[in-house]
Amino acid sequence: MMDAEELYQMLKKSQEPKGYYFNKDLERVFDLMAALLFNKERYGYMGCPCRLVSGDKENDRDIICPCVYRTPDVEEYGSCYCNLYVSKEWNEEKIPHAYVPERRPPEKILL
Amino acid sequence: MANKPVKVYSLSTCSHCKATKKFLAECTVKYDFVDVDTLDGEERAAIVEDVKKFNPKCSFPTIIIGDKVIVGYKEDEIKEALGL
């Protein structure tokens, strides 16, 4: 079982070269790492900690972290919906830390 | 400060939800909350329907302060609604 530090290091290595940086608020980042591991344990996949995960992996493919909305959100707001992945400019406070609205269609929320 | 009822629809894992709860606690505001991810079956379905009435996107946190609905952890809007 991977721990939060291992997950952090693994993702940092794979995501930073793509231009997605972890929020400089590491307390928040590690809290989200733990939440992702918790979701992996309870659902079997790393569903977004900031969204209502259904437990149906096929349905939730769009919100398996990193979610499909990360690209447009980082492009438009400099941050993903969770404030986990951000751009360099966001971390350097060169752009405002605006609220990132939910892009996921509500129909995707399965009951 | 008027004592408006405060209700937070949240997720147990969500960073914005945690920040909201922490902020309300720091403001010594009494609030009710429900972590929707910890519910299942009919209970979850009923609460999701409630959330959708306030916030059709059904995103979290959805914060109800009196008759005001705030979607997301927006400190300024929360303060204003609370009259802080």
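Conventions adopted
Residues numbered from 1 in each chain as written. Chains lettered and ligands numbered in written order. Predicted model: local features only at pLDDT ≥ 70, side-chain atom pairs only at ≥ 80, totals over all residues. Heavy atoms only, no water. pLDDT = per-residue confidence, 0-100. Disulfide = S-S within 2.5 Å. Helix = DSSP H or I, 4+ residues; strand = E, 2+ residues; numbered from the N terminus. Buried < 20%, exposed > 50% of the residue type's maximum accessible area, 1.4 Å probe, protein only. Patch = residues over 30% accessible without salt bridge, like charges linked within 9 Å, V, L, I, M, F, W, Y side chains within 5 Å. Areas by Shrake-Rupley, 256 points an atom, 1.4 Å probe, with all protein chains shown as cover. Salt bridge = Lys/Arg side-chain N within 4 Å of Asp/Glu carboxyl O. Lys, Arg positive; Asp, Glu negative; His and termini not counted. Charge placed at Lys NZ, Arg CZ, Asp CG, Glu CD. Contact = heavy atoms within 4.5 Å. Buried area = accessible area lost by both parts, 1.4 Å probe. Polar contact = N/O pair within 3.5 Å; in protein donor to acceptor, adjacent residues only side chain to side chain. Nonpolar A, V, L, I, M, F, W, Y, C, P; charged D, E, K, R; others polar.

Enquirer: An account of the confidence of the model for chain B is requested, with residue identities and associated values reported.
Expert: Across chain B, pLDDT averages 95, with 98% of residues at or above 70. Scoring the predicted complex yields pTM 0.93 and, for the interface, ipTM 0.91.

Enquirer: So, the state of the cysteines: which residues are in play, and what are the values?
Expert: Scanning the model with the defined rule gives one disulfide over all chains in all. Note on cysteine connectivity: A:Cys50 is disulfide-linked to A:Cys82, with sulfurs 2.2 Å apart. Judged by the torsion about the S-S bond (130°), the A:Cys50/A:Cys82 disulfide is right-handed. Here the residue A:Cys50 occupies a position in the loop between α2 (26-43) and α3 (70-77), and A:Cys82 occupies one in the loop between α3 and β2 (85-86), the gap between them amounting to 32 residues. With respect to class, A:Cys50 is no different from A:Cys82; both count as buried. A disulfide-free cysteine, B:Cys58 has its sulfur positioned 11 Å from the sulfur of B:Cys17, the nearest such atom.

Enquirer: How would you summarise a negative patch on the surface if you had to cite specific residues and measurements?
Expert: Residue and element names in this part refer to chain B. Where like charges cluster on the molecular surface, the negative patch consists of Glu-26, Glu-75, Asp-76, Glu-77 and Glu-80. Among the elements that line the negative patch, the one with the most residues is helix α3 (residues 75-82), at four residues. For Glu-75, the position within the fold is in helix α3.

Enquirer: Talk me through the interface of chain B and chain A; I want residue IDs and the actual numbers.
Expert: Contact residues are listed per partner, giving 22 residues for chain B and 24 residues for chain A. Taken together, both faces of the contact between chain B and chain A bury some 1,800 Å²; the carbon and sulfur share is 56%. Among the residues of chain B in contact with chain A, B:Thr13, B:His16 and B:Lys57 are the three that bury the most area, contributing 31% of the side total. Applying the counting rule to chain B against chain A returns two salt bridges. The interface formed by chain B and chain A includes eleven residue pairs in polar contact (both at pLDDT 80 or more). Residues of the side of chain B that touches chain A, tallied by class, amount to nine nonpolar, six polar and seven charged.

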